Structures are given as C-alpha cells and as structure tokens.
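Residues per chain are reported as follows:
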There are 2 protein chains.
Amino acid sequence: MIKKVSIALSMIATLSISATAGGLMEQAKNAGLKPIPQDSLELAKLIDNPKNRVTAKKVELGKKLYFEPRLSKSGLISCNTCHNLATGGVDGVGPATGHMWTANPHHLNSPTVYNAVFFDKQFWDGRSPDLEDQAQGPIQAAPEMAATKEHVEAVVNSIPEYVKEFQDAYENPKMKPTFKDVADVIAVFERTLVTPSRYDDYLNGKEDALTKEEKEGLKVFIDKGCASCHNGIALGGSMKPFPVTGKYKYANVGDFKGDKSGMVKTPTLRNILETRPYYHNGAVWDIKEAIKIMGETQLGTKISDDEANKIATFFGALTGKKPDVSYPMLPASNNNTPKPNLK
Amino acid sequence: MIKKVSIALSMIATLSISATAGGLMEQAKNAGLKPIPQDSLELAKLIDNPKNRVTAKKVELGKKLYFEPRLSKSGLISCNTCHNLATGGVDGVGPATGHMWTANPHHLNSPTVYNAVFFDKQFWDGRSPDLEDQAQGPIQAAPEMAATKEHVEAVVNSIPEYVKEFQDAYENPKMKPTFKDVADVIAVFERTLVTPSRYDDYLNGKEDALTKEEKEGLKVFIDKGCASCHNGIALGGSMKPFPVTGKYKYANVGDFKGDKSGMVKTPTLRNILETRPYYHNGAVWDIKEAIKIMGETQLGTKISDDEANKIATFFGALTGKKPDVSYPMLPASNNNTPKPNLK
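Quick caveat: nothing in here was measured; it's all calculated off a predicted structure. (Residues numbered from 1 in each chain as written. Chains lettered and ligands numbered in written order. Predicted model: local features only at pLDDT ≥ 70, side-chain atom pairs only at ≥ 80, totals over all residues. Heavy atoms only, no water.)

### Quick notes on the nonpolar core
Item 1. Counting residues in each nonpolar core, the largest one holds 76 residues, and the members touching the most others are Leu65, Leu85 and Ile186 of chain A together with Leu65, Leu85 and Ile186 of chain B.
Item 2. Leave out the neighbours within four places in its chain, and leucine 65 of chain B touches Leu71, Cys79, Val156, Tyr162, Phe166, Val182, Val185 and Ile186 of chain B. (Core = buried A, V, L, I, M, F, W, Y, C linked by side-chain atoms within 4.5 Å. Buried < 20%, exposed > 50% of the residue type's maximum accessible area, 1.4 Å probe, protein only. Contact = heavy atoms within 4.5 Å.)

What follows is the structure in structure tokens.
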C-alpha cells in the first residue's frame, strides 16, 4: 500500500516536473501536508481541548509545573529534564534516562514535546489519546520521575502559592489540586508549544518562503513517499507499521513491540535537525543516514546521497520559531513539603 | 572574639531598645550589613571584573552555556541542574547529585548561585577566588558534570552559532573558544544574578520597607550576633571558623575539612527561605532549627523559639526579586558534536 502510494506520487511528480512552484504547493497539500494555521483564532481552536480548556492562567501554572523538579521522587527531575525546551524539546541522548540514572528499559528515546499537540496519539506505542493522559505517565514511571500520585499531590498542596494558582485558574476557592489536575495544567502548557516555520508560511501561500533548494528537497520528500507516514500538521504523529525488530540499527528496542497491531507512532519532522538522535530508540545520529534507512526499510526504495541531502535541506525549513518562555520562578518549599528521596 | 562582638552588640541593642527605627538602621550598618546598591551604575561597577568585563553579549552567551547540558559528559547536566534559577539557585536536595547519580563525596550541598558575586571566596572551602575560577570546577568534577576541558571545547567549537557568538562577544573574528572562555562567560552571566529585596530598600533608607515584625527580627538577628558571620552585602560569603566535625547534625561531611585553617565559607542568607536544606551538608531542613543550632554552636548562646521565629520572619524580607531570565533556545548539535556518554 505504502509502495503504491509512493509510486502514484512519483507519477504525479514526473507529470509536474516542469510545473510552476504553485504546482509543488498543491502537490504538498495532496500528499497530506498541512500548515500550522496562521490565523491565531483558528490555531487556538486547534490546540484547545474542550475537556481541559486552554486558558492563560492554566498555561502559566502549567509552565511552572512543567519545570517543577519537586514533582519527581528525587526532587531533581522535571518534565523539562527529558523534554528540554532549550534543545528542541528533547534530551539529546539515546534512551531516556531518569530516576537514579536509569535508562528507559525499552531503549526508547524521548520524543519532542514541541508540536505534540498535533499528534493523533501520544507515546511511541500510541497508548495515550492526548497530552492530558500522557503527562500522567512519566511522572509516575520508575525510570523517569518515579513519583506516586500521593507524592505529587502532597508537594503541590503543601505550597500555598500553588494551591492558590489552581484555585484561581479553576475559579474554585476550595479546590485541592489532584494528580490529574497537575497533569491537566502541564498538558495545557504543552498545548501551546507549537513552532511555526517558513514551511508553514509556504504552505499558507507565501511562495518565496522556501529557497529553491528547500523546494527541491520538499519535492524529493514527497516523490519518494516520505509523506505517506510523515504527513498532517506534525509531519508525523500517527500510528504506522514499523519493523521493531530486524537487522537494522534501530532493532535494539528491548521488548518494545509497538501497539497491539505492532504499529509505532511516526515521529514529527518539525525541528528534526534539533532532535538528534533519531528513531524510537535513538540509534541513528546522522539525519542523512536516517533518511536513507527509512527509504530502504519503510518505502522499499533507495534514496541516494544527493536525494538525502536535498531532503535534509528541506528539513532545515521545518526548524520553527519556539514560543518565548520566561524561566519560571517556583514557590518555595516549606516544612510540610515532602523531602526529596534520591533512592 | 565572636562572643565579645555579640556581647557588645547586645549592649548597644539594650541601649537602643526604645530608639527610633533610624537607630536600627544605624545598628544594622554598624554590624556590617550592607545593601545591594540602588544606583545601577554603582551596582554595575560592583559586579564587574576588570579581567573579565561584564557585557551584554557575554551575559547572553553565558546564559546559554549556564543552561547547556551538552557541556557535561552525559549531555544531561548543566550548571542549572544543581544551581536551578527556578528554585532559589539551588537543587533542593541534601548532597549535590550529578553524573551517574553520584552524590558529592563530601556530602556537600549545592550553594546558591544568586548573589554569589558578592562572596569573598567561592566553594565551601573557599578555594576559589572568583566566579570565573569557580565555574571551571563543577564542569570537570567527576560527580558533577564529569567533562574534560577537551570535551567542552569540542562541543562549543562544533556548533557554529556558539563560535560566532564568542567571536562577536570578544570582537575577535578568529577566536576559537577555550574551556576558560566558556567558564568566563558563564561567570559573567552569574555576576548578573543579584536579587534586591525589601531589606535593601530598608538599608537604603526606606524606613517602611520592612514590617514591624521584620524589624524586630532584624534586631534579634543583630543582637544575637548572627551578623558577626552573616554580614556584608551577601549576609555571608566570607571564611569563618566552623565546627566541621562534632556532635551536631551537620557533622556528616565525609572528609571535608574546610580550608587550610579549618575555615568554612559562611552561606548567604539572601533567599534563605528558598534554599532548603541548610548547612554545607544540607542536613537541616527547618529554618528555625537551623537558626537555633547556629546560636548554640557558633555563638555559644541559646536562641529561644520566639527569637528564632522573629529571625525567620526577618529572613522573609531577604527573599529578593530574581532577574527575568528568558529560557534560552540553544543551537543544534551536528555530526561534529561529541556524542553524550552516560557512563
């Protein structure tokens, strides 16, 4: 099926080879590539969750808790430790490494938090439907933040400033924030972490937003069939067939098997040049090597050095503008705050 | 000597008990307490280093490198990991814990980076004369960032954006930044991390900047002799006699012995309510307990619950306004950048 799509796209590409650049824009849209909306109201609707509305107060509180190491058992690890907003929303190491320096037992690499709001599913095996649900996972995972729900609730409720911020954000003066509330506001903050780039300007109709070379790369990207998985706003984020075992460099995944059908979440390509190493196990460091392996294993096609170079050049246009984040000053602990436990 | 000073101060205190608050202000100055200058030019001179001038470009570059985990061997630990600007400039755990989850072998607690520019010496044993020298230590220390000079230089020189920022900051288009240069710009950023508070407004002459209760606490603080060590702008930062072994809770310091004369650096009291746990080994979590133990062991005097409460109330006025720090977006790694090594 993927090969058929790829072949079909190649035919379209051949037909449109001398077409105007407008033709490429059309081709990109037909391949399922979508821009981040320019219109702020449209974007606001897109990132919102009717069950957990995005409000300014929740964003501000969620930002604090995103950077809050005291949510972890050790007091040393925050969401930002592995999904570092300074470095493309990732940690830059192979397997995610958390509490007591423990590597992810499935050798899984930390995916970026930027633009995760656009993913169909969360986690590499897609087990989580949205960011609210996802945010509950790493806080509790033994090799990540290793906290219990009770620990998180005790920390937050021990600090009057946090309690008041929750009460203000939810307009409930009697609120005692729960673990779910903590995850919910973190998710609201994460919903705002979108990174529009020149690529979006292009898809939104600005013909000269991409260089000639980037357009060539985009064309190769589509023609080779990459967009059969890397599509939508995130250029990824949906579940696709993926060989989790085999002879390839990314075979070292412990007992990770994807979802029930063996499907694995396609990573976003936005900011991909900032999020080395690549694949769900972080086994490949060179973007061109990563592109070529994907051609071979996923598309059954050889991607030449020249083509990989062109695609990588296009990827440069996916490096987006990050939201301005003022580093939060967190309220102080006190005698009621649980002490960190480094063991 | 300390006791004599303490007694002398007590006498002054007794004499001035019904004096005007202006009397307390005078008493504070006589006890060696100094405000952060209000005048920005005066402050700029005070935090500058003639051998490593503070400039806007160096501050901005130094900020990035302060938050740069790739300087560490693992790629996971930055200066900000242990001296977290979000949490009073500290990590909030007992002994500092770094590379491979290793605790400081001397059980030493991470001191705050805020206002460290005002310290006479750096490190608990005062072995470092200034922040430029200090910043070289933790990057290389095995239980902290565990990097070699060569690693740091290879990382920074592999990333063209960093090289260009150094060249711009030093107005040297051929500059290849060295390990010392990296430490120097980090130190420049740290020099700007000062936190003026209402206490400074008071010492600068604003009579109503402190509440009645805070003034009472300041008076007890001086009368008890606390300012014999906790003085100067930092209310600390100089080397003083300190029992590093003995029957007290803070005896657990491994083989730490202070400097050659057994002196230990007095920690700053600025933002002290944000920097639990206390002492060089982080053994005491309750500020009132910490105050009372200091009275007993350092001043040879009993500090009552009521007096400790008053001093702690005064400490609230030492919580200062932190500089606004926009979280830096760090330039991407590439194929020339050394890979992280988590072992």
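Read on for the rest.
### Considering the interface of chain A and chain B
Item 1. Counting residues at the interface gives 42 residues for chain A and 42 residues for chain B.
Item 2. Taking both partners together, chain A and chain B bury about 3300 Å²; carbon and sulfur atoms supply 65% of that area.
Item 3. Inspection of the chain A/chain B interface yields 0 salt bridges.
Item 4. Counting every contact that joins chain A to chain B gives 14 residue pairs in polar contact (both at pLDDT 80 or more). (Buried area = accessible area lost by both parts, 1.4 Å probe. Salt bridge = Lys/Arg side-chain N within 4 Å of Asp/Glu carboxyl O. Polar contact = N/O pair within 3.5 Å; in protein donor to acceptor, adjacent residues only side chain to side chain.)

### Let's talk about the relation of the copies chain A and chain B
Item 1. For these two chains of identical sequence, chain A goes onto chain B by a turn of 180° and a shift of 0.0 Å along the axis, with RMSD 0.0 Å. On this basis, the relationship between the two copies can be described by a two-fold rotation axis. Proximity to the rotation axis, assessed at the C-alpha, singles out serine 326 of chain A in chain A; its C-alpha lies 2.1 Å from the axis.
Item 2. Interface residue correspondence from chain A to chain B reaches 100%, placing this contact among same-surface, isologous pairings. (Least-squares fit on C-alpha atoms with pLDDT ≥ 70 in both.)

### A word on the pattern of salt bridges
Between side chains of opposite charge, pairing is possible as soon as their charged atoms come close.
Item 1. Scanning the model with the defined rule gives 38 salt bridges over all chains in all.
Item 2. Note that lysine 219 of chain A is salt-bridged to aspartate 223 of chain A, the shortest N-O span being 3.6 Å. With lysine 219 of chain A and aspartate 223 of chain A both in helix H11 (residues 212–223) and 4 residues apart, the pair spans about one turn of that helix. Accessibility classification places lysine 219 of chain A together with aspartate 223 of chain A in one group, the buried group.
Item 3. Among the ionic pairs, lysine 63 of chain B bridges to glutamate 60 of chain B, the shortest N-O distance being 3.6 Å. Residue lysine 63 of chain B and its partner glutamate 60 of chain B are located together in helix H4 (residues 56–66), separated by 3 residues, close to a single helical turn. (Helix = DSSP H or I, 4+ residues; strand = E, 2+ residues; numbered from the N terminus.)

### Remarks on the confidence of the model for chain A
Item 1. Here chain A averages 92 in pLDDT, while 90% of its residues score no lower than 70.
Item 2. Scoring of the predicted complex yields 0.93 for pTM and 0.92 for ipTM. (pLDDT = per-residue confidence, 0-100.)

### Concerning helix H12 (residues 287–298) of chain B
Residue and element names in this part refer to chain B.
Item 1. Here H12 is 12 residues long and its end C-alpha atoms lie 16 Å apart, about the 16 Å a rise of 1.5 Å per residue gives.
Item 2. Where H12 is concerned, the buried positions are Ile287, Ala290, Ile291, Ile293, Met294, Gly295, Thr297 and Gln298.
Item 3. The opening residue of H12, the one whose side-chain oxygen lies 2.7 Å from the backbone nitrogen of lysine 288, is aspartate 286. (Expected span 1.5 Å × (residues − 1).)

### Looking at the environment of isoleucine 287 of chain A
All names here are of chain A.
Item 1. Positionally, isoleucine 287 belongs in helix H12 (residues 287–299).
Item 2. Along the backbone, isoleucine 287 and aspartate 324 are 37 residues apart, and their C-alpha atoms lie at a distance of 27 Å.
Item 3. Here isoleucine 287 is in contact with Ile272, Leu273, Tyr278, Ala312 and Phe315, once residues within four sequence places are set aside.

### What to know about the environment of tyrosine 199 of chain A
Item 1. Within the secondary structure, tyrosine 199 of chain A is located in helix H10 (residues 198–203).
Item 2. In contact with tyrosine 199 of chain A, not counting residues within four places along its chain, are Leu33, Lys34, Leu210, Leu235, Arg270, Phe314, Ala317 and Leu318 of chain A.

### Topic: the packing of aromatic side chains
Item 1. For the structure shown, the criterion picks out 19 aromatic pairs over all chains.
Item 2. Ring centres of phenylalanine 67 of chain A and tyrosine 327 of chain B lie 5.1 Å apart, and the angle between their planes is 75°; this geometry places the pair in the edge-to-face category. Note that phenylalanine 67 of chain A is positioned in the loop between helix H4 (56–66) and helix H5 (79–82) and tyrosine 327 of chain B in the segment after helix H13 (305–316), a pairing that runs across two chains. The exposure classification of phenylalanine 67 of chain A matches that of tyrosine 327 of chain B, with both residues buried.
Item 3. Consider the rings of tyrosine 327 of chain A and tyrosine 327 of chain B, whose centres lie 5.3 Å apart with planes at 10°: the pair is stacked. Residue tyrosine 327 of chain A is located in the segment after helix H13 (305–316), and its partner tyrosine 327 of chain B is located in the segment after H13; the two belong to separate chains. Accessibility classification places tyrosine 327 of chain A together with tyrosine 327 of chain B in one group, the buried group.
Item 4. The rings of Tyr66, Phe67, Phe189 and Tyr327 of chain A together with Tyr66, Phe67, Phe189 and Tyr327 of chain B are connected pair by pair, giving a single aromatic cluster. (Phe/Tyr/Trp six-rings, centres within 6.5 Å; stacked < 30°, edge-to-face > 60°.)

### A short note on the packing of helix H11 (residues 212–223) of chain B against H13 of chain B
Residues and elements named next belong to chain B.
Item 1. Orientation of H11 relative to H13, taken along the N-to-C sense of each, is 115°, at an axis distance of 7 Å. Looking at the two axes, H11 sits roughly perpendicular to H13. Where H11 crosses over H13, the two elements pack in a sense that is left-handed. Between H11 and H13, the residues in contact are Glu213, Glu214, Glu216, Gly217, Leu218, Val220 and Phe221 and Glu307, Lys310, Ile311, Thr313, Phe314 and Phe315, respectively.
Item 2. Split into classes, the residues belonging to the contact of H11 with H13 amount to 6 nonpolar, 2 polar and 5 charged. (Axes fitted to C-alpha atoms, helices over the stretch in contact; angles between N-to-C directions. Parallel < 35°, antiparallel > 145°, perpendicular 65-115°, else oblique. Left-handed = near helix turned anticlockwise from the far one by under 90°. Nonpolar A, V, L, I, M, F, W, Y, C, P; charged D, E, K, R; others polar.)

### Brief notes about the side chain of asparagine 84 of chain A
Item 1. Looking at where asparagine 84 of chain A falls in the secondary structure, it is placed in the loop between H5 and strand E1 (97–98).
Item 2. Owing to a relative accessible area of 8%, asparagine 84 of chain A belongs among the buried residues under this scheme.
Item 3. Every residue in contact with asparagine 84 of chain A, bar those within four places of it in the chain, is listed here: Gly89 and Val90 of chain A together with Pro69 and Tyr327 of chain B.

### Structural notes on helix H9 (residues 179–191) of chain A
Residues and elements named next belong to chain A.
Item 1. A rise of 1.5 Å per residue sets the reference length of H9, with its 13 residues, at 18 Å; its end C-alpha atoms lie 18 Å apart and thus fit the reference within 8%.
Item 2. Along H9, the residues classified as buried are Phe179, Asp181, Val182, Ala183, Asp184, Val185, Ile186, Ala187, Val188, Phe189, Glu190 and Arg191.
Item 3. For H9, the secondary structure elements touched by its buried residues are helix H3 (40–47), H4, H5, helix H6 (131–140), helix H7 (149–158) and helix H8 (160–169).

### Digging into the domain arrangement of chain A
Residues and elements named next belong to chain A.
Item 1. Domain boundaries in chain A define domain 1 (2–40 + 197–316) and domain 2 (50–191).
Item 2. Listed per partner, the contact involves 29 residues of domain 1 and 23 residues of domain 2.
Item 3. Summed over both partners, the interface of domain 1 with domain 2 comes to about 2000 Å²; 64% of that surface belongs to carbon and sulfur atoms.
Item 4. In terms of surface lost to domain 2, no three residues of domain 1 exceed Phe256, Lys265 and His280, which account for 26% of the buried area on that side.
Item 5. The tally of links from domain 1 across to domain 2 stands at 0 salt bridges.
Item 6. Counting the contacts that link domain 1 with domain 2 gives 3 residue pairs in polar contact (both at pLDDT 80 or more).
Item 7. Among the elements that take part in the side of domain 1 that touches domain 2, strand E4 (residues 263–265) stands out by supplying 3 residues, more than any other.
Item 8. Tallied by class, the residues present in the side of domain 1 that touches domain 2 amount to 12 nonpolar, 11 polar and 6 charged. (Domains from an automatic or database assignment.)

### What about unusual backbone geometry?
Item 1. A cis amide bond, omega -10°, links arginine 276 of chain A with the succeeding residue proline 277 of chain A.
Item 2. On the secondary structure map, proline 277 of chain A appears in the loop between E4 and H12.
Item 3. Phi is positive for phenylalanine 123 of chain A, close to 75°, though the residue is something other than glycine.
Item 4. Along the chain, the position of phenylalanine 123 of chain A falls in the loop between strand E2 (102–103) and H6.
Item 5. On the basis of relative accessible area, phenylalanine 123 of chain A is assigned to the buried category, the value being 17%.
Item 6. Backbone geometry places methionine 100 of chain B, a non-glycine residue, at a positive phi of 60°.
Item 7. Looking at where methionine 100 of chain B falls in the secondary structure, it is placed in the loop between strand E1 (97–98) and strand E2 (102–103).
Item 8. Accessibility expressed as a relative area gives 42% for methionine 100 of chain B, which makes it partly exposed.

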